[in-house]
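The chain contents come next:
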Amino acid sequence: MWSSTPAIFGGGNTGYPVGNGMLGAMQFGNPGKEQILLNVDSMWSGGVKQFPEYRGGNPTSNMSEILAELREKIFLDGTGNASQMAGSSEGFGEYRILGNFSINIDHPGKFDDYKRSLDLETGTYRTSYRVDDSNYNTLLFCSHPSRVADTNYESRKGNKAENYRFLEGKSAERVIYHTYNAIHLTMKKRVREQTKDYNANLNGFILDLPDHRNSSKAETATLFARYRAEGKGDPFVESLLFDYSRYLLLASSRKRSLPPSVQGRWIERMDRERGAEYSANIHLQANYWVAHQTGMDDTLHALWEFLKNTLATRGSETAKLLYNASGWVAHNELNIFGYTGIKGEAEWNNYPISAAWLMQHVWDHFEYSQDRTFLRTTGYPLMRDVSKFWLSQLQEDKYSKDGSLVANPCTSPEHGPTTFGCAHFQQLIHQILETTRRAMRHVKVCDKVFQSKLDTAISHLDKGLHLTSQGSIKEWKLPESEGHETDDKSQHLSHLVGWFPGYSIASFQDGYRNSTIQQAVKSSLESRGTGEENGNSSWAKAWRAACWARLNNTEQAYAHLRRLIQSNIAENGLSTSSGPDSPFQMSGNMALAGAILSMLVVDLPLPHSRIGEARTVVLGPAIPSMWAGGKVTGLMLRGGWKVDFSWDANGKVDKAELHGKGRGEVVLVNVDGVIMN
């Protein structure tokens, strides 16, 4: 990615980001008057040090009586008010800027031949320019091996060169330690170390799309400015943004770092959208959609540590105090200090299902990596305790009186009433209970009581798949006559979470092979529109594209992807929350990559009842003809397999090679059902 003009501080999304997980940096300003914006993952206000009474949003006493009354009202009237369950937001805090590092070079202000570029393969940012007869070159990167931000300034007049270097670490003794180690390496060695690190994490997977328009020669901002949703698309732009998504994840999520927030690792101001917090009703989940299938396991360590040491620890207290439950729970708005209570309005934060959705990453990581040590020591304990929470919370449906088990209370994310049996909740509960049952077999746990509870709950669970009179999937279990199942344009596709990215509908209820369910998904997508009508969010368009791709609908999947790129990609390639001038929202970039992966493959887990059967993987369910002649190398499949494949002029996969030492029988087919292996 490159530009011929300097990045403007505070002037929108113009700077190119670098990072090593913990540290983030962006360079701004004209030559000779530059600023490096510095971010560090733990730079948050709030928490117990500022607010000694901080409790993570938890109440001071048990709320079980209030919860029982709320449940009774909901089963009587159909809806209720969960505001009494909300906790204090005091001490929640927000992600803050570490500082700006100013660099002044005493040379005339007029400069020529300016160019700045970001190398996605090495994570290095460079600028070059000329002042009179002197040439200047700068280099900026954040090294994960050295744990520092490193910048180098070089001026050359004739054969004479001068160098300037600046190093930033984390805090106190660690700054001294990492800086001391880094300065004992030459710049050449540090760059070599940086390149090796990035190559090791990114080169295992390659998406190779054609460059029909010779776009690789164009300036990056020009590429995005001329891109049109109503056009034919540009495979180079689409593959560039896919690679950029992987780069952003690697730059913001590594071992010993925190996970990326809503704004990833990079904020320019203190007033960034929603405090640059963690939001777990789509954003935190979407930030890792690209990780499993492209072999980016190293980025997931940050998520595992956050789940274990921050959410599960405080979340066990929340489960007991709010729900009188075992296990652990978290809600939508999260911070680094373990805020797991309900923060504010129920429409946004009555969301105890967030942990169950996050457990999909835990199970998917095992399925793709086959890392039994991880599952035994980290994955299964997390999944087990989230399942225990939901086993204690499921209620017999006293409103419908159909004998099923439902969540009560529940609120479909940012949409509709507080009620019971929300499709979004039911599908995710189905998924976590089913995958926990599967995980028990792999770690060889013998707990017959827990096993029996799982089996019984799954057999009686309402699985969140009911159809409206128009044939769409219902978002709420309430009768249509209540008026909630309207033809609205909500950003969220909450009632389709079991279709994508989850698999309660698509696999466990056999939806991918069932034409009636497919038609219901199609009808639901048509009802929700393009994602531009309400919020215009980048992630909303990507979610739609991915759902259409899982329907094998190339035309619609590609159309939504193109809308995202035209409406929500800034000149530096970062996705915006609601249009060109709105703040950066990392989940848009990451969901874009998830949508492209969904266009490339349908790889679903088998349900518990079909363990041992051969699994069918569909290659190229929604590859557009504009990608003709493309290929994929190193795509991970469940079971620990890898596959390379290519496609013809019509986007139909015609060659595939399965390799690796995976588990279970896999049958590769293209979208027409032709067997490839």
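Please read these numbers as outputs of a predicted model, since none were measured by experiment.

## Considering the state of the cysteines
One pass over the full model with this rule turns up one disulfide. Residue pairing for Cys410: its cysteine sulfur links by disulfide to Cys422, the two sulfurs lying 2.2 Å apart. Between Cys410 and Cys422 the sulfur-sulfur dihedral comes to about 90°; the bridge is accordingly right-handed. In this pair, Cys410 sits in strand E16 (residues 410-411) while Cys422 sits in the loop between strand E17 (418-419) and helix H11 (423-443), placing the two residues 12 residues apart along the sequence. For the pair formed by Cys410 and Cys422, the shared burial category is buried.

## Observations regarding the UniProt feature "domain: Alpha fucosidase A-like C-terminal" (unreviewed entry) in the chain
In this structure's numbering, the residues bearing the UniProt feature "domain: Alpha fucosidase A-like C-terminal" (unreviewed entry) are residues 616-667. Taken as a whole, residues 616-667 contains 0% helix and 52% strand, while its terminal C-alpha atoms sit 5 Å from one another.

## Considering the packing of H11 against helix H12 (residues 448-460)
Contact geometry of H11 with H12 gives a least axis separation of 10 Å together with a crossing angle of 145°. As H11 runs across H12, the sense of the crossing is left-handed. In this structure, H11 contributes Leu433, Glu434, Thr436, Arg437 and Met440 to the contact, and H12 contributes Phe450, Gln451, Leu454, Asp455, Ala457 and Ile458. Class assignment of the residues belonging to the contact of H11 with H12 gives a composition of six nonpolar, two polar and three charged.

## Regarding the pairing of strand E23 (residues 666-670)
Looking along a regular strand, one sees the side chains alternate between the two faces of the sheet. Counted residue by residue, E23 has four buried out of five residues, so it is predominantly covered. Bridge count between strand E19 (residues 615-619) and E23: five bridges; the pairing is parallel. In the strand pairing of E23, Leu619 is matched with Asn670.

## Overview of the pattern of salt bridges
Close approach of charged atoms allows side chains with opposite charge to pair. One pass over the full model with this rule turns up 26 salt bridges. We note a salt bridge from Asp113 to Arg130, for which the minimum N-O separation is 3.0 Å. Of the two residues, Asp113 is situated in strand E6 (residues 112-119) and Arg130 in strand E7 (residues 124-131); the sequence distance between them amounts to 17 residues. Residue class for Arg130 comes out partly exposed when judged on its relative accessible area of 28%. The closest approach of N and O atoms between Glu367 and Arg438, which form a salt bridge, is 3.8 Å. In this pair, Glu367 sits in helix H9 (residues 354-369) while Arg438 sits in helix H11, placing the two residues 71 residues apart along the sequence.

## A look at the nonpolar core
Ranked by size, the top nonpolar core spans 196 residues in total, and within it Leu307, Trp328, Met359, Trp499, Leu600, Trp627 and Trp647 carry the most contacts. Both domains that furnish three or more residues to this core are identified here as domain 1 (2-45 + 98-214) and domain 2 (60-91 + 294-509). Not counting the four nearest positions on each side in its chain, Trp499 is found in contact with Ile505, Ala506, Gly511, Tyr512, Gln518, Val521, Cys547, Arg550 and Leu551.

## A closer look at the side chain of Ser567
In this structure, Ser567 sits in helix H16 (residues 554-568). Among the residues examined, Ser567 registers a relative accessible area of 15% and is labelled buried. Sequence-distant contacts of Ser567, that is, excluding residues within four places in its chain, are made with Glu532, Asn536, Lys541, Thr576, Gly579 and Pro580.

## Side note on helix H3 (residues 187-202)
With 16 residues, H3 extends 22 Å between its outermost C-alpha atoms, agreeing within 8% with the 22 Å of an ideal straight helix rising 1.5 Å per residue. The set of residues buried in H3 consists of Met187, Arg190, Val191, Gln194, Asp197, Tyr198, Asn201 and Leu202. Projection of H3 onto a plane perpendicular to its axis shows the buried side chains occupying an angular sector of 125°, all on one side. Away from the buried face of H3 by more than 90 degrees, exposed residues Lys188, Arg192, Lys196 and Ala200 are located.

## A closer look at the sheet that holds E19
Strand order in the open sheet formed by three strands is E18-E19-E23, with mixed pairing between adjacent strands. Only two strands of the sheet have a single partner each, and these edge strands are strand E18 (601-602) and E23. With two bridges joining them, E18 and E19 adopt antiparallel strand pairing. Each bridged residue has a counterpart across the sheet, and for Val601 the counterpart in E19 is Leu619.

## A word on unusual backbone geometry
In this model, Asn408 is joined to Pro409 through a cis peptide bond whose omega is 5°. Residue placement: Pro409 occurs in the loop between strand E15 (405-406) and E16. Here the amide bond leading from Phe500 into Pro501 is cis, since omega sits at 5°, within 30 degrees of zero. By the secondary structure assignment, Pro501 is in the loop between H12 and helix H13 (504-508). Of note in the backbone geometry, Asp132 takes a positive phi value of approximately 55° without being a glycine. With respect to the helices and strands, the residue Asp132 is situated in the loop between E7 and strand E8 (134-143). According to the relative accessible area criterion, Asp132 is exposed, its value standing at 54%. One non-glycine residue with positive phi stands out, namely Asn552, at about 65°.

## Section: the pairing of strand E4 (residues 33-40)
Within E4, six of the eight residues are buried, which leaves it mostly tucked inside the rest of the structure. Where strand E3 (residues 23-28) lies against E4, six bridges are found, and the strand directions are antiparallel. Residue Gly24 lies in a different strand from E4, and its bridge partner there is Asn39. Connecting the antiparallel pair E3 and E4 is a turn made up of four residues, with Gly29 showing a positive phi of about 100°. Examined bridge by bridge, E4 and strand E5 (residues 99-104) share six bridges and lie antiparallel to one another. What sits directly across from Leu37, in E5, is Asn100.

## Quick notes on helix H10 (residues 372-393)
If you check H10, its first and last C-alpha atoms are 29 Å apart, about what 22 residues at 1.5 Å a residue would give, namely 32 Å. Within H10 the residues assigned to the buried category are Phe374, Leu375, Thr378, Gly379, Tyr380, Leu382, Met383, Val386, Ser387, Phe389, Trp390 and Gln393. The backbone nitrogen of Thr373 has a side-chain oxygen 3.2 Å away, supplied by the residue at the start of H10, namely Asp371.

Rules of the game
Residues numbered from 1 in each chain as written. Predicted model: local features only at pLDDT ≥ 70, side-chain atom pairs only at ≥ 80, totals over all residues. Heavy atoms only, no water. Disulfide = S-S within 2.5 Å. Helix = DSSP H or I, 4+ residues; strand = E, 2+ residues; numbered from the N terminus. Buried < 20%, exposed > 50% of the residue type's maximum accessible area, 1.4 Å probe, protein only. UniProt positions renumbered as here; feature names shortened; annotations may be inferred. Axes fitted to C-alpha atoms, helices over the stretch in contact; angles between N-to-C directions. Left-handed = near helix turned anticlockwise from the far one by under 90°. Contact = heavy atoms within 4.5 Å. Nonpolar A, V, L, I, M, F, W, Y, C, P; charged D, E, K, R; others polar. Pairing = 2+ DSSP bridges. Salt bridge = Lys/Arg side-chain N within 4 Å of Asp/Glu carboxyl O. Core = buried A, V, L, I, M, F, W, Y, C linked by side-chain atoms within 4.5 Å. Domains from an automatic or database assignment. Expected span 1.5 Å × (residues − 1). Arc of directions from axis to C-beta. Polar contact = N/O pair within 3.5 Å; in protein donor to acceptor, adjacent residues only side chain to side chain.

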